[in-house]
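Read off the chains here:
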Amino acid sequence: MTRLIALTLTLVVLGLGSSVASARDWQVIRIGVEGAYPPFSALTADGKLVGFDIDIAHALCAEMGAECTMVQQDWDGMIPALLARKYDAIIASMAITAERKKKVAFTGKYYQVPARFARRKGSGIEISEAGLQGKAVGVQRATTHDNFISGEFGSDVDIKRYASQDEAYLDAAVGRLDLLLADSVAMQEGFLDTDNGKDWEFVGPGYTDVKYYGDGAGIAVSKSNQDLVDRFNKAIEAIRANGTYQKINAKYFDFDVFAG
Amino acid sequence: MLDLHGYLPLILKGTLLTVEVAVLSLLMAILLGLIGAAAKLSGSRGVRLLAQVYTTVIRGVPDLVLMTLIYFGGQILVNDIGDRLGWDYVDVSPFAAGVLTIGFIFGAYLTETFRGGIMAVSRGEIEAGHAYGMTPRQVFFRITMPAMVRHALPGFSNNWLVLAKTTALVSVIGLHDMVYNAGQAGGATRQPFTFYLLVALLFLVLTGVSDIGLRWVERRYSVGVRKA
Amino acid sequence: MDVNVILENIPLYIEGMWVTVQLVVLSLILGLALAVPLALVATSRRRFIAFWPRAYIYFFRGTPLLVQMFMIYHGTAQFDWLKDSALWVVFKEAYWCALIAFALNTAAYTGEMLRGAIAQTPFGEVEAARAYGMSRWTRFRRIILPSACRRALPSYGNEVIFMLHGSALAGVITIVDLFGAAKIVNARHFVPFESFMAAGFFYLCLTLLIVWIFRIAETHWHAYMRPREEEGEEKGSFPARSAPAYAAKGL
Amino acid sequence: MSASAEALVVEDLHKSFGSVEVLKGISLVAREHDVVSILGSSGSGKSTLLRCINLLEIPDAGNVYVHGELIRMTTTSGAARVPEDKRQVERMRSRLAMVFQQFNLWSHMTVLQNVIEAPMHVLKVPRAEAVERAESVLQRVDMYERKDYYPAHLSGGQQQRAAIARALAMEPAMMLFDEPTSALDPELVGEVLKVIRGLAEEGRTMLVVTHEMAFARDVSTKVMFLHEGQVEEDGVPAQVFDEPKSARFRQFLAGTLR
């Protein structure tokens, strides 16, 4: 009996994992990333993280001379996990919004692209209050798109919220959704250009409304680590100045994602 | 029959994780269950009340909600404690959260199972122990506990089978168990049904094998007991 | 703790709770309707006939509800013939997928419960029914089923509670039930602790409501088994679905 | 006694369980108003005889006529003997009301519900009429006061009286009693026997499997002693009890009357 208790305690403690981080001189930084948001971040078949966000994160770390570990986190828990100190910064295409600024600090933007709707080809759906009436619109939960559709069309639309953008794409492909609302670049590369999205097309204008979409995608850091925000800001400026940013940009896109 | 497009190793890796989570949380649940049962049978009203609140809350709130709560809330709690004790940072990983939650939930169920088992041990057997000059400690470990095991086994078996199935929920907090991996494989191959069916069958194997094993144990512990 | 966030979002929680209640009630009704014939066939003496409902029950009781729901929600999309058929109107909606999964699941558990209770029907009572000229169907309808239902009532109470808990899975597939509502609140305000705690509180209230309803139902329905002077059945606790074994251990 | 119609005729009934032959060709005639007591030690086949008459057990051979109507039997492809018409059996059973050793009241129903159940759902008597009938038979067995009790809350004697009321409510052509007092505590036997005695005096046709010798002797019009599946002795009680022909029956009487 006593042995059983001892064994259990040992195992539970081991399970907790004592990954005690070192003091905050930012030689070691843990970065929260998502992995289900191509082409910005995705998992390869053998489980490796790839994408624009990931490359940027590595470039920034190299610039700061820090050793970085990537921590994969579902989008739902992105900010709560930062607040719970599961990692030190979020580099996951997170838009800089007023609501989020209440909880976390942001760097300046590292890219900005408009959001757009996409519809099934031939559905003829138009983007207006009447056109969206009763339509099933897929968005990723807890994103600016979720806020935008809820705020602008909320009561008329059947909003389907997904934990990841990939899940929304899957349901769109099988015909559970009438519309998608997402970042236009992510949707182009992650969906419309793929086999799943071959029957879908953009519709309506691009949205950059600051009220919902804020000031572009930034790096989120805990408010108590203002020094880390400054380091990241400097590093962003540096990689934009030395051409690293442009190289990564060119690897994924044939236009400038920084400007929006 | 089933074309798995080379995803079988990924699924089996997940199966291993599922089993790990299940076994570790079972150990934790046994520990909590014994503590809980002792608390419920304790002389102190406060302790009994605490145990009652524990079991009532656990049975009143869905596993999934508890798991989400512990995954986020648990980390905050650990950080608070850590700050006070001067630790730097202890990570509550999805794995730890999963094990802790499931262990915590089934600790409540096992509390009832063990309590029932202890109460089913006949007064006479215990009195006989005292009558032969055993200390209360000896009576508890030599008489009550072994006799309790037999009474608690059917409920225990049942709890284990439910626990094994409950591990599927860890996929929702992002742990790469077999359900999560089946989702990945299903999405990539566009054959979600195939992969979820495979995982369902693996669960049937897990519960089936456990069932056979537990029946064997129950038979062994019923030696010397006449079947009604 | 940020209570204001929760208070502001009470309407959202109420809406979610309404969806939860709908899902639970509908799946229980459908599940019960399916469980009765399932139990009837599973008690058949002809092995080949009894095999099928038993296999169904074994599958649904041996696998996680989450996997069953995923098989119906994500899995059905694998089949083009299904997507081209009229049935897709149903499977297209996450709500119906969840409802179907829940109903099939609870049908298996309820069916097994009824099967056990039917098997326990006192033989003499069935024989008396035969001796009075009741047909097979009348015997089942008037004697066996009502008596089995009463015996199964306490475990059915647990099943209802389990269904309430299981219904939280709906929140995983885009449905805004009570759990889904909590996820939205968390997503908007980043208050995981408060948002899920509130959901837990509402679930607890619903659970206690169910326990209370079943306690009343049992005092009505179980008058026939209870000695006139009330005996000391454990009142304070309600056994979980997982452990019928200790329900009977009141002492 | 006037020569009245034959209520029940049993011809050459055989029944085996596995290799054990329990009934080895039993015949029996009961006229209306007859009270036939069937005696025998345990294992003599007396209960099986009763159960074969209303087909709770299917006899291997032999015929049963109820009021002259033959219960038609047939043989399945698997060589099993089965009733040809289930409806006929159900109709016949509804006219032969059985009272069991273990009462077999439906435990989830009150006494009144037990009594109205079969009239309503087998004979299709309207509820109001069934209740009226039930209340009168309950008064007859002195159970009216307890009509809203559940069986579990009654003594054995009360349960058996309720079971007799349940049988009476069918207004049966004949009543079958299967050791109606054997499961009762000794002090409760009297109240049940009193009721059965009263029914016999009313002139009801009854077949009673019993161990109560005094009852068999005083109340029956006919006594039948079974031994190892055969009729060892039968006749009117005075003759059977006073001048038994069979040595076995004498032994049996000596044993039970001691």
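Residues numbered from 1 in each chain as written. Chains lettered and ligands numbered in written order. Predicted model: local features only at pLDDT ≥ 70, side-chain atom pairs only at ≥ 80, totals over all residues. Heavy atoms only, no water.

Participant: Please explain the packing of helix α2 (residues 10-42) of chain C against helix α10 (residues 178-189) of chain C as it appears in this structure.
Facilitator: Residues and elements named next belong to chain C. Put simply, α2 and α10 touch, their axes get as near as 7 Å, and they point 155° apart. Classified by the interaxial angle, the pair formed by α2 and α10 is roughly antiparallel. For the pair formed by α2 and α10, the contact residues are Leu 12, Tyr 13, Gly 16, Met 17 and Thr 20 on the first element and Leu 178, Ala 181, Ala 182, Ile 184, Val 185 and Arg 188 on the second. Residue classes in the contact of α2 with α10 are distributed as 8 nonpolar, 2 polar and 1 charged. (Axes fitted to C-alpha atoms, helices over the stretch in contact; angles between N-to-C directions. Helix = DSSP H or I, 4+ residues; strand = E, 2+ residues; numbered from the N terminus. Parallel < 35°, antiparallel > 145°, perpendicular 65-115°, else oblique. Contact = heavy atoms within 4.5 Å. Nonpolar A, V, L, I, M, F, W, Y, C, P; charged D, E, K, R; others polar.)

Participant: Help me out: how do you make sense of the pattern of salt bridges in this one?
Facilitator: Side-chain pairs of opposite charge can arise whenever the charged atoms involved come near each other. Residue and element names in this part refer to chain B. Counted under the stated rule, the structure contains 36 salt bridges over all chains. One salt bridge in this structure joins Glu 112 and Lys 40, with 2.4 Å as the shortest N-O distance. Taken together, the residues Glu 112 in helix α4 (residues 94-120) and Lys 40 in helix α1 (residues 8-40) connect sequence positions 72 residues apart. We classify Glu 112 as buried; its relative accessible area is 1%. Residues joined in a network through salt bridges with shared partners are Lys 40, Arg 59, Glu 112 and Arg 115. (Salt bridge = Lys/Arg side-chain N within 4 Å of Asp/Glu carboxyl O. Buried < 20%, exposed > 50% of the residue type's maximum accessible area, 1.4 Å probe, protein only.)

Participant: Hey, could you run me through the domain arrangement of chain A in this one?
Facilitator: A common way to state how big an interface is: give the accessible area lost once the parts meet. Residue and element names in this part refer to chain A. Taken domain by domain, chain A comprises domain 1 (27-112 + 215-252) and domain 2 (115-213). One C-alpha centre belongs to domain 1, the other to domain 2; they are set 24 Å apart. Approximately 1300 Å² of surface area, both sides summed, lies buried where domain 1 meets domain 2, with 51% of it carried by carbon and sulfur atoms. The largest share of the area that domain 1 buries against domain 2 comes from Tyr 37, Trp 75 and Asp 76, three residues that together contribute 34% of it. In this structure, the connection of domain 1 to domain 2 is made through 1 salt bridge. Residue Arg 141 is joined to Asp 76 by a salt bridge in which the shortest nitrogen-to-oxygen separation is 3.1 Å. (Domains from an automatic or database assignment. Buried area = accessible area lost by both parts, 1.4 Å probe.)

Participant: Please clarify how the packing of α2 of chain C against helix α7 (residues 94-119) of chain C should be interpreted in this entry.
Facilitator: Packed helices, taken two at a time, are described by the angle their axes make and the gap between the axes. Residue and element names in this part refer to chain C. One can describe the packing of α2 onto α7 by two numbers: an axis separation of 6 Å at closest approach and a directional angle of 45°. If you check the angle between α2 and α7, you find them oblique. Along this stretch, α2 crosses α7, giving a crossing that reads as right-handed. Of the residues contributing to the contact of α2 with α7, the split by class is 21 nonpolar, 6 polar and 1 charged. (Left-handed = near helix turned anticlockwise from the far one by under 90°.)

Participant: Hey, could you run me through the state of the cysteines in this one?
Facilitator: Disulfide: a covalent bond connecting the sulfur atoms of a pair of cysteines. Residues and elements named next belong to chain A. One pass over the structure, following the stated rule, counts 1 disulfide over all chains. Covalently, Cys 61 is tied to Cys 68 through a disulfide, its sulfur atoms 1.7 Å apart. What sets the handedness of the Cys 61 and Cys 68 disulfide is the S-S torsion sign, and at about -85° it is left-handed. Judged by its relative accessible area of 18%, Cys 68 is buried. (Disulfide = S-S within 2.5 Å.)

Participant: Even after reading the chapter, I still don't get the nonpolar core, so can you show me in this structure?
Facilitator: Taken as a class, soluble globular proteins show a tendency for nonpolar side chains to be buried jointly. Counting 191 residues, the largest nonpolar core has Phe 52, Tyr 111 and Leu 180 of chain A together with Tyr 13 and Met 69 of chain C as its most contacted members. Ranked by the residues each element gives to this core, the list is headed by helix α6 (residues 136-166) of chain B, at 13 residues. Taken together, domain 1 (27-112 + 215-252) and domain 2 (115-213) of chain A each give at least three residues to this core, which thus spans both. If near-sequence neighbours (up to four positions away) are discounted, Tyr 13 of chain C is found in contact with Ile 6, Leu 178, Ala 181, Ala 182, Val 185, Glu 194, Ser 195, Ala 198, Ala 199 and Phe 202 of chain C. Val 131, Met 143, Leu 168 and Phe 177 of chain D belong to the second-largest nonpolar core, a separate cluster that totals 82 residues. (Core = buried A, V, L, I, M, F, W, Y, C linked by side-chain atoms within 4.5 Å.)

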